[in-house]
Amino acid sequence: MPNRLASVRVLVVGAGAFGREHLTRLARRPDVTLAGVADPNPAVLEMARSHYGVAICRDEPLRMIQETEADAIVIASPAESHVEICLCALQRNLGVLLEKPIALSASQAAPLLRATQQSSAGFVLPGHVLRFSRDHARLVEIVRSGLIGEIVYVNSRRYRDDSHATRYRDTDPVFMTLVHDIDLAQWVTRSSFRSVLARRSGGDGFRSMTTACATTRTGVTCDLRTAWTFTNGDLPADRLEVVGERGSVELEVGHGLHVYAGGRRDDHPLVEADDALSNEHDHFLACVRDRSLARALDLPEAIAGLKLADATMESLRLDREVAVSP
Ligand SMILES: NC(=O)c1ccc[n+]([C@@H]2O[C@H](COP(=O)([O-])OP(=O)(O)OC[C@H]3O[C@@H](n4cnc5c(N)ncnc54)[C@H](O)[C@@H]3O)[C@@H](O)[C@H]2O)c1
C-alpha cells in the first residue's frame with residue numbers, strides 16, 4: 001500500500017479512446033506516477049511513450065502487471081478482456097479501476113468477487129463514471145431529501161450516433177451503454193431488479209433502439225432506453241427522470257436540472273466545468289491510499305446490474321418478460 005504522501009504508481013491497460021481520457025487526466029496529477037501502459041497496438045504504445053513519458057510500455061498486459069511495481073491499475077481495454085486482466089491485478093493486490101461493463105455477464109464477473117473476498121488484498125472500483133458526476137449526484141440528493149416523496153418511476157435515455165455499431169461491434173448496446181442507465185436506476189432507487197421486458201426495434205443489429213422496462217425489487221418501474229441510430233452531430237441529451245409520489249426531478253445532461261414539487265418548478269444550476277472522470281480518479285486514488293475507505297460503489301452492485309443486463313438479453317431473445325436472477 002502506498003505511503004499517504006508518496007505518489008501512487010498507476011498502470012493503464014488499454015490506451016484507446018477512453019484509455020487516453022484516463023491517461024490525460026492521470027498524467028497531469030502531481031500525486032500519480034504513470035508506472036506502465038499495456039496495449040497490443042504499437043502506435044498506441046509509441047503515443048504513451050512520447051506524449052506521456054511512460055517508460056514501461058508493453059504489448060501484453062499480464063506480464064506487465066506481474067513484472068511492474070505498482071499500487072493501482074486502470075483497465076480500459078475492450079470488455080471481453082476485463083476479467084482476466086483484473087484477476088491478474090488482484091493477484092498482485094492492486095487497487096483496480098475497472099471500466100464498464102466490468103464483464104459481459106454476471107457469471108463471468110463472479111471470480112472477481114471471489115478473489116476480493118478470499119485471496120486478494122486488492123479491490124475493484126467498477127468504472128460507472130456517472131456516480132461521480134456532480135449533477136447526477138445532486139439529482140440523487142434531491143430524491144433522498146424526500147422532496148418528491150417515495151420513488152414510483154425512473155426513466156433514463158442515452159442516444160448515441162451509429163458509429164458506435166462499428167466501434168463496438170463486439171459489445172451489445174445493453175452492455176455498452178444501457179449499463180449506465182441500469183447503474184443510475186440502481187443508484188437512485190437503492191435496489192436491484194426482479195424482472196424485465198425488453199424490446200429492440202429500428203435498424204439492423206446494434207444500429208437499433210433498445211428499451212428495457214424493468215421492475216426493481218422494491219416495486220419501482222424503470223424505463224431504460226439506448227439507441228445507436230443517430231447521425232453524428234446534434235443528439236438529444238442524455239436524460240434521467242425520477243418521479244415520486246409528490247413530484248419529480250429530471251436532469252437533462254448539459255442543459256438543466258428541474259424539480260417539480262409543491263405545485264412549482266425549480267430550476268437548479270448545473271455544476272460548471274465538472275469532470276466526472278477526474279472526480280472518479282480522486283475517489284479511486286483516495287481508496288488506493290486508504291483501503292478502509294467506503295467505496296462509492298462495489299463489485300456486488302455492479303454484478304447486480306449485470307444480472308439485469310443478462311435478463312435484458314434473455315428477454316430480447318425470448319420476446320417476453322424475464323425474471324432477474326437473485
Ligand atoms: N465510462 C465510460 O463512460 C466509458 C466511455 C467509453 C468507453 N468506456 C469503456 O472503456 C473500454 C475501452 O473503450 P474504448 O472506447 O477506449 O475502446 P477503443 O477500442 O478505443 O480502445 C481499446 C484499446 O484497448 C486495446 N486492447 C485491445 N485488447 C487489449 C488487451 N487484451 N489488453 C490491453 N489492451 C487491449 C486496443 O488496442 C485499444 O487501444 C471499454 O470497456 C468501454 O466500455 C467507458
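All values derive from a computational prediction rather than experimental measurement. Each chain has its residues counted from 1, following the order in which its sequence is written. Residues qualify for local features only when their pLDDT is at least 70, as the model is predicted, and side-chain atom pairs are given and counted only at 80 or more; totals for whole chains, interfaces and linings, by contrast, use all residues. With hydrogens and water excluded, all non-hydrogen atoms of the structure serve as input to the side-chain values.

A.B. asks: Teacher, can you tell me more about the pattern of salt bridges here?
C.D. replies: Where charged atoms of side chains with opposite charge meet at close range, the side chains can pair. Within this document, salt bridges are pairs made up of a side-chain nitrogen of Lys or Arg and a carboxyl oxygen of Asp or Glu, the two lying within 4 Å of each other. Counted according to the given criterion, the structure contains 23 salt bridges. Across the pair Arg29 and Asp31 runs a salt bridge whose closest N-O atoms are separated by 2.8 Å. Pair check on accessibility: Arg29 and Asp31 agree, each one buried. One salt-bridge network, in which partners are shared between bridges, spans Arg29, Asp31, Asp282 and Arg289. Under the scheme applied here, a residue whose accessible area is under 20% of the maximum for its type counts as buried, over 50% as exposed, and between as partly exposed, the area being computed with a 1.4 Å probe on protein chains only.

A.B. asks: Please explain empty space enclosed by the protein as it appears in this structure.
C.D. replies: Gaps between atoms show up when a probe of the same size as a water molecule is rolled over them. Site definitions follow a grid-based scheme: protein atoms alone, a 1 Å grid, a 1.4 Å probe that fits but cannot get out for cavities, and for pockets an open set with protein on both sides within 12 Å along at least five of seven lines, plus lining residues having an atom within 4 Å of a point. Grid points are joined across faces, edges and corners, and a volume is the space filled by probe spheres set on the points. The final tally for this structure, using the stated rule, is one cavity of 30 Å³ or more. Approximately 30 Å³ is the volume found for the largest cavity. Forming the walls of the largest cavity are His136, Ser156, Arg158, Leu184, Asp238, Arg239, Leu240, Leu251 and Val253. Where helices and strands are cited, they refer to DSSP runs of H or I of at least four residues and of E of at least two residues respectively, numbered from the N terminus. Taken together, the elements giving at least two residues each to the lining of the largest cavity come down to β7 (151-161) and β11 (239-244).

A.B. asks: So what exactly am I meant to see when it comes to the environment of Pro326 here?
C.D. replies: Considering the arrangement of structural elements, one finds Pro326 in the segment after β15 (322-323). According to the relative accessible area criterion, Pro326 is exposed, its value standing at 84%. Spatially, the C-alpha atom of Pro326 lies 16 Å from that of Gln108, the residues being 218 residues apart in sequence. We call two residues contacting when some pair of their heavy atoms lies within 4.5 Å. Not counting residues within four places of it along the chain, the set of residues in contact with Pro326 comprises Arg217 and Lys307.

A.B. asks: Quick question: what am I supposed to make of the packing of aromatic side chains here?
C.D. replies: The geometry of an aromatic ring pair is captured by the separation of the ring centres together with the interplanar angle, meaning the angle of the planes. Planes of paired rings set the category: under 30 degrees apart is stacked, over 60 is edge-to-face and the rest tilted, where pairs are Phe, Tyr or Trp rings (Trp by its six-membered ring) whose centres lie within 6.5 Å. If you walk through the whole model with that rule in mind, you get three aromatic pairs. Ring geometry for Phe123 against Phe284: centres 5.9 Å apart, planes inclined by 65°, an arrangement best described as edge-to-face. Within this pair, whereas Phe123 is found in strand β6 (residues 123-127), its partner Phe284 is found in helix α9 (residues 276-289), the two being separated by 161 residues in sequence. For Phe284, a relative accessible area of 1% translates into the label buried.

A.B. asks: What am I meant to see in the site of the ligand here?
C.D. replies: We call a residue near a molecule or strand when any one of its heavy atoms sits within 4 Å of it. Of all residues adjacent to the ligand, which total 27 residues, the nearest are Phe18, Asp39, Lys100, Tyr168 and Met176. Measuring from an oxygen atom of the ligand, one finds a backbone N or O atom of Phe18 at 2.7 Å. Two N or O atoms form a polar contact when they lie within 3.5 Å of each other; inside protein one atom must be a possible hydrogen donor and the other a possible acceptor, and for residues adjacent in sequence the pair counts only when both atoms belong to side chains. A distance of 3.0 Å separates a nitrogen atom of the ligand from a polar side-chain atom of Glu99. Residue-level accessible areas treat just the shown protein chains as cover; the underlying method is Shrake-Rupley with a 1.4 Å probe. If the ligand stood free it would expose 850 Å²; the protein chains cover 78% of that surface. Put plainly, a molecule is in a cavity or pocket when over half of its atoms are within 2 Å of the grid points there. In this structure the site holding the ligand corresponds to the largest pocket. Those elements that place two or more of their residues in the shell around the ligand are α1 (17-27), α4 (82-91) and α8 (173-189). For the shell around the ligand, the element with the most residues is α1, which contributes three residues. We call Asp, Glu, Lys and Arg charged. Ala, Val, Leu, Ile, Met, Phe, Trp, Tyr, Cys and Pro are nonpolar, and the rest, Gly among them, are polar. When grouped by side-chain class, the residues that make up the shell around the ligand number 14 nonpolar, nine polar and four charged.

A.B. asks: Hey, could you run me through the sheet that holds strand β3 (residues 57-58) in this one?
C.D. replies: The strands making up a sheet associate through hydrogen bonds between their backbones, and the pairing can be parallel or antiparallel. By the convention used here, strands pair only if DSSP detects at least 2 bridges between them. An order of β3-β2-β1-β4-β5-β6 is seen for the six strands of this open sheet, with the pairing classed as parallel. Strands with a single pairing partner mark the edges of an open sheet, and in this sheet they are β3 and β6. When strand β2 (residues 32-38) meets β3, the two strands line up parallel, connected through two bridges. Its bridge partner lying in β3, Ala38 is registered against Arg58. What counts as an axis is a line fitted to C-alpha atoms, over the stretch in contact for a helix, and the angles between N-to-C directions run from 0 to 180 degrees. Relative to the sheet, α1 contacts β1 (8-13), β2, β4 (72-75) and β5 (95-99), its axis offset from that of β2 by approximately 155°. Contacting β1, β4, β5 and β6, α4 runs over the sheet at an angle of about 170° to β5.

A.B. asks: For this particular structure, what's the right way to read the nonpolar core?
C.D. replies: Nonpolar side chains in soluble globular proteins tend to be buried together. Each nonpolar core is a collection of buried residues, namely Ala, Val, Leu, Ile, Met, Phe, Trp, Tyr and Cys, held together in the definition by side-chain atoms within 4.5 Å. Ile73, Val96, Leu139, Val154, Val242 and Val249 are the most contacted members of the largest nonpolar core, which has 68 residues in total. Take this core: its biggest share by element is eight residues, from α8. An automatic or database domain assignment supplies the residue ranges for each domain. Both of domain 1 (8-127) and domain 2 (131-274 + 307-323) provide at least three residues apiece to this core. Of all hydrophobic cores here, the second largest spans 27 residues; its members include Val37, Leu45, Ala72 and Leu97.

A.B. asks: Please clarify how the sheet that holds β7 should be interpreted in this entry.
C.D. replies: The strand order β14-β13-β12-β11-β7-β10-β9-β8-β15 describes an open sheet built from nine strands, whose pairing is mixed. At either end of the open sheet lies a strand with only one pairing partner, and these are β14 (264-268) and β15. Bridging between β7 and β11 involves six bridges; their strand directions are antiparallel. Bridge assignment links Ser156 to a residue of β11, and that residue is Leu240. Helix α6 (residues 134-144) contacts β7, β11, β12 (247-252), β13 (256-261) and β14 of the sheet and is inclined by roughly 175° relative to β12. Sheet strands touched by helix α10 (residues 299-318): β8 (193-201), β9 (209-216), β10 (221-230) and β15. Its angle to β8, the strand with the most contacts, is close to 50°.

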